[in-house]
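What follows is the residue order along each chain.
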Amino acid sequence: MPKQAGPASGEQARQLALTHLRQAILRGEMAPAQRLVENELAEQFGVTRASVRAALIELESEGLVERIRNRGSRVRVVSVDEAVAITECRMALEGLCAAKAAVAAGDEQLDRLTGIGEAMTKAVAGGEPMLYSDLNHELHAMVREFSGQQTAVSLLERLNGQLVRHRFQLALRPGRPQQSLSEHLAMIEAIRARDPQAAEAAVRSHLASVIEALRG
């Protein structure tokens, strides 16, 4: 009988486990406080337990996983107070990115912002909060991309990953998408007007509203 291949190991296997785990957490497929059992995950991904453990260590450094002594790993729980503190940091960084995007974005990029604003408006009108949440996330990612501020982008990607549960909860709160839509359209309008001060102010105003909603 031909010898069956064993589980994958090495850097490629670590990256495979890391990608699958990160995506599952960021998509909300793994709930906060959910246990992450190395043997089960290794079997699921077809990699060694050591590869899974290395991936979990990296996700711990990203703030997505917590490793508890003698109890293994679990998806990290982010409290409301911590979510507020993270959003306060986002204010400074996303405000910077919006100001930079207002100066750096080209005409085609500005048209993309307009298009996503129109799609967000349709999602709210059609009563599709999760679609609106995805578009919201995409809009912020676009603004970061168009800013060209790579240091801020890398910091924000790490911060935003920790807020995924709160983002979903806010998206499903009655009336919240309608409120945040006008805030996002103001961001788009300021960037399209190539007004960096107004763009930064619009982002700060929006995230202040997010903080108020988190505390509510």
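About the criteria used
- Residues numbered from 1 in each chain as written.
- Predicted model: local features only at pLDDT ≥ 70, side-chain atom pairs only at ≥ 80, totals over all residues.
- Heavy atoms only, no water.
- Helix = DSSP H or I, 4+ residues; strand = E, 2+ residues; numbered from the N terminus.
- Buried < 20%, exposed > 50% of the residue type's maximum accessible area, 1.4 Å probe, protein only.
- Disulfide = S-S within 2.5 Å.
- Pairing = 2+ DSSP bridges.
- Contact = heavy atoms within 4.5 Å.
- Axes fitted to C-alpha atoms, helices over the stretch in contact; angles between N-to-C directions.
- Salt bridge = Lys/Arg side-chain N within 4 Å of Asp/Glu carboxyl O.
- Expected span 1.5 Å × (residues − 1).
- Polar contact = N/O pair within 3.5 Å; in protein donor to acceptor, adjacent residues only side chain to side chain.
- Core = buried A, V, L, I, M, F, W, Y, C linked by side-chain atoms within 4.5 Å.
- Parallel < 35°, antiparallel > 145°, perpendicular 65-115°, else oblique.
- Left-handed = near helix turned anticlockwise from the far one by under 90°.
- Nonpolar A, V, L, I, M, F, W, Y, C, P; charged D, E, K, R; others polar.

## Structural notes on the overall build of the protein
Part 1: Scanning the protein for helices and strands turns up ten helices and three strands.
Part 2: Seen in sequence order, the protein has helices and strands lined up from the N terminus as α-β-α-α-β-β-α-α-α-α-α-α-α.
Part 3: Each principal axis of the C-alpha distribution contributes one length, and for the protein these read about 65 × 35 × 35 Å.
Part 4: Of all 216 residues assigned to the protein, the portion counted as buried reaches 43%.

## Some words on the state of the cysteines
Part 1: For the coordinates displayed, the defined rule picks out zero disulfides.
Part 2: With no disulfide of its own, Cys-97 has Cys-89 as its nearest cysteine by sulfur position, at a separation of 14 Å.

## Observations concerning the environment of Gln-179
Part 1: One can find Gln-179 in helix H9 (residues 176–192).
Part 2: Residues Gln-179 and Val-124 lie 55 residues apart in sequence; the distance between their C-alpha atoms is 10.0 Å.

## Here's the deal with the sheet that holds strand E1 (residues 35–36)
Part 1: Strand order across the open sheet formed by three strands is E1-E3-E2, with antiparallel pairing between neighbours. A single partner strand is all that each edge strand has here, and the edge strands are E1 and strand E2 (65–68).
Part 2: In this sheet, strand E3 (residues 72–75) lies alongside E1 in antiparallel orientation, the contact comprising two bridges. When the bridges of E3 are listed, Leu-36 appears paired with Ser-73.
Part 3: Against the sheet, helix H3 (residues 49–61) makes contact with E1, E2 and E3, and its axis sits at roughly 115 degrees relative to E2, the strand it touches most.

## Overview of the pattern of salt bridges
Think of it this way: side chains of opposite charge can pair up when their charged atoms draw near.
Part 1: If you walk through the whole model with that rule in mind, you get 13 salt bridges.
Part 2: Here Arg-14 makes a salt bridge to Glu-58, at a shortest N to O gap of 2.4 Å. Taken together, the residues span a long stretch of sequence, with Arg-14 in helix H1 (residues 11–26) and Glu-58 in helix H3 at a distance of 44 residues.
Part 3: Among the ionic contacts, a cluster of salt bridges with common partners joins Glu-11, Arg-14 and Glu-58.

## Points about helix H10 (residues 196–215)
Part 1: Compared with the 28 Å implied by 1.5 Å per residue over 20 residues, the 29 Å span of H10 between its first and last C-alpha is a close match.
Part 2: With a side-chain oxygen lying 3.3 Å from the backbone nitrogen of Gln-197, the N-terminal cap of H10 falls on Asp-195.

## Focus on the environment of Lys-100
Part 1: Examined against the element boundaries, Lys-100 turns out to sit in helix H4 (residues 80–104).
Part 2: Residue class for Lys-100 comes out partly exposed when judged on its relative accessible area of 39%.
Part 3: Sequence separation of Lys-100 and Gln-197 is 97 residues, and the distance between their C-alpha atoms is 9.7 Å.

## Some points on the nonpolar core
One broad rule of soluble globular proteins: the nonpolar side chains tend to lie buried together.
Part 1: Leu-113, Leu-139, Val-143 and Ile-191 are the most contacted members of the largest nonpolar core, which totals 41 residues.
Part 2: Put simply, the parts of the chain that give this core at least two residues each are H4, helix H5 (107–125), helix H6 (129–147), helix H7 (150–161), H9 and H10.
Part 3: Looking at this core, the element that brings in the most residues is H4, giving nine residues.
Part 4: Setting aside chain neighbours within four positions, we find Leu-139 in contact with Leu-113, Ile-116, Met-120, His-184, Met-187 and Ile-188.
Part 5: Counting 19 residues, the second largest nonpolar core, distinct from the first, contains Ala-42, Ala-55, Leu-56 and Val-65.

## Details of the packing of H6 against helix H8 (residues 164–171)
A pair of packed helices is captured by two measures, namely the crossing angle of their axes and the spacing between those axes.
Part 1: Viewed as axis vectors pointing N to C, H6 and H8 meet at an angle of 130 degrees, and their least axial separation amounts to 9 Å. Between H6 and H8, the crossing angle belongs to the class labelled oblique. For the crossing formed where H6 meets H8, the hand is right-handed. Here H6 contributes Pro-129, Met-130, Ser-133, Asp-134 and His-137 to the contact with H8, which in turn contributes Arg-167, Phe-168 and Ala-171.
Part 2: Here the residues of the contact of H6 with H8 are counted per class, giving four nonpolar, two polar and two charged.

Fair warning: the whole summary comes from geometry, so function is off the table for now.
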